[in-house]
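Breakdown of the fold
Spelled out, the chains give:
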Amino acid sequence: MKRSAINKAIIDAGECFTRNGWFLPPNPKWDITDFGLDSFLTTGLVLVNLAEEKEYCEKIMYAVRGQLTPCHTHKKKKEDIICRSGLLVVQLWSADPAIEENTDTFSVKMNGSYRSITSGDIIPIPPGQRITIEPGIWHAFYPESDECIIGEVSTANDDVNDNFFSDENIGRFTDIEEDEALIIKLVSEY
Ligand SMILES: O=C(CO)[C@@H](O)[C@H](O)CO
């Protein structure tokens, strides 16, 4: 990603957080990624790591219409994905859809209550609502609103070692092309 696109993503997300009353802590830990595909507005996500403890993690994230967080799973992390504003859509699979299409049903917690879904189901998450994703469940998400603020509350987060993408061309972090001065270093640059 070009540094100018990273800077713009930080500004756009920051403005949306402020408009919606989400105030960031001092020295926010920004993590902007195009998942290595070099098409940020199609496959990309803005994340801010709010709490990173060995027992738990909290993030606030931002995406715009048309921007997909691609299908992936975690072997260790269990997470709640929460729509904080806008309309979020989450798609869930019981197995990697690139390897095995199936119509298995499984239980997933939504707002604390279990419901049964079929692998591949697309689940709208209105603001205030959350879905609990167990390790091993494959998931992708994207906004169905112009902008979306997405929360994540999870067990320990290890973005370097615990993201497994369905598309093997995908990487978790972006390569950066310096075309203007940076506003702030990303978490991947330390
Ligand atoms: O787990 C998630 C989203 O499900 C993020 O925290 C990852 O960083 C995306 O790779």
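Structure report, in brief. Computed from a predicted structure; not experimentally measured.

Procedures and definitions
Residues numbered from 1 in each chain as written. Predicted model: local features only at pLDDT ≥ 70, side-chain atom pairs only at ≥ 80, totals over all residues. Heavy atoms only, no water. Core = buried A, V, L, I, M, F, W, Y, C linked by side-chain atoms within 4.5 Å. Buried < 20%, exposed > 50% of the residue type's maximum accessible area, 1.4 Å probe, protein only. Helix = DSSP H or I, 4+ residues; strand = E, 2+ residues; numbered from the N terminus. 1 Å grid on protein atoms, 1.4 Å probe; cavity = no way out; pocket = protein on both sides within 12 Å on 5 of 7 lines; lining within 4 Å. Points joined across faces, edges and corners; volume = space filled by probe spheres on them. Nonpolar A, V, L, I, M, F, W, Y, C, P; charged D, E, K, R; others polar. Near = heavy atom within 4 Å. Polar contact = N/O pair within 3.5 Å; in protein donor to acceptor, adjacent residues only side chain to side chain. Areas by Shrake-Rupley, 256 points an atom, 1.4 Å probe, with all protein chains shown as cover. Pairing = 2+ DSSP bridges. Expected span 1.5 Å × (residues − 1). Contact = heavy atoms within 4.5 Å. Phe/Tyr/Trp six-rings, centres within 6.5 Å; stacked < 30°, edge-to-face > 60°. Lys NZ or Arg CZ within 6 Å of the ring centre and 35° of its normal.

The next point concerns the nonpolar core. Core analysis: the biggest nonpolar cluster contains 24 residues, and Ile81, Leu88, Val90, Leu92, Ile131 and Ile150 have the highest contact counts within it. Breaking this core down by element, the ones donating at least two residues are strand S2 (45-52), strand S3 (56-64), strand S5 (79-85), strand S6 (88-93), strand S7 (105-110), strand S9 (122-125), strand S10 (130-133) and strand S12 (147-155).

Time to look at the layout of surface pockets. The calculated volume of the largest pocket comes to roughly 250 Å³. Ala5, Lys8, Ala9, Phe40 and Leu41 are, among the 15 residues lining the largest pocket, the residues nearest its centre. Residue contributions to the lining of the largest pocket peak at four residues, all from helix H1 (residues 3-19). Partitioned by chemical class, the residues of the lining of the largest pocket number eight nonpolar, two polar and five charged.

Looking now at the site of the ligand. Around the ligand there are 13 residues in total, and Lys59, His74, Lys77, Glu152 and Asp159 lie nearest to it. At a separation of 2.6 Å, an oxygen atom of the ligand approaches a polar side-chain atom of glutamate 152. For the ligand, an oxygen atom lies 2.9 Å from a polar atom in the side chain of asparagine 163. For the ligand, whose free accessible area comes to 300 Å², the fraction covered by protein is 100%.

With antiparallel pairing, five strands are arranged side by side in an open sheet as S9-S6-S11-S4-S13. The open sheet has two free edges, formed respectively by S9 and strand S13 (164-165), since each of these has just one partner strand. The sheet contact formed by S6 and S9 spans four bridges and is antiparallel. In the strand pairing of S9, glutamine 91 is matched with isoleucine 122.

This paragraph deals with H1. Given a rise of 1.5 Å per residue, 17 residues ought to cover 24 Å, and the 24 Å separating the end C-alpha atoms of H1 matches this to within 8%. Considering only its buried residues, H1 is in contact with strand S1 (29-33), S2, S3 and S12.

So, on to the packing of aromatic side chains. Counted according to the given criterion, the structure contains three aromatic pairs. The interplanar angle of 80° and the centroid separation of 6.3 Å between the aromatic rings of phenylalanine 17 and tyrosine 62 together place this pair among those described as edge-to-face. Of this pair, phenylalanine 17 sits in helix H1 while tyrosine 62 is found in strand S3, placing the two residues 45 residues apart along the sequence. Their ring planes at 65° and their centres at 5.6 Å tell us that phenylalanine 35 and phenylalanine 165 sit as a pair that is edge-to-face. Here phenylalanine 35 is found in the loop between S1 and S2, whereas its partner phenylalanine 165 is found in strand S13, with 130 residues between them in sequence. Relative accessible area serves as the criterion here: at 3%, phenylalanine 35 is assigned to the buried category. What links up through ring pairs into an aromatic cluster is the set Phe17, Trp30 and Tyr62. Cation over ring: lysine 75 sits above phenylalanine 164, and NZ or CZ is 4.4 Å from the ring centre. Lysine 185 extends its terminal NZ or CZ atom over the ring of tyrosine 190, reaching a point 5.2 Å from the ring centre.

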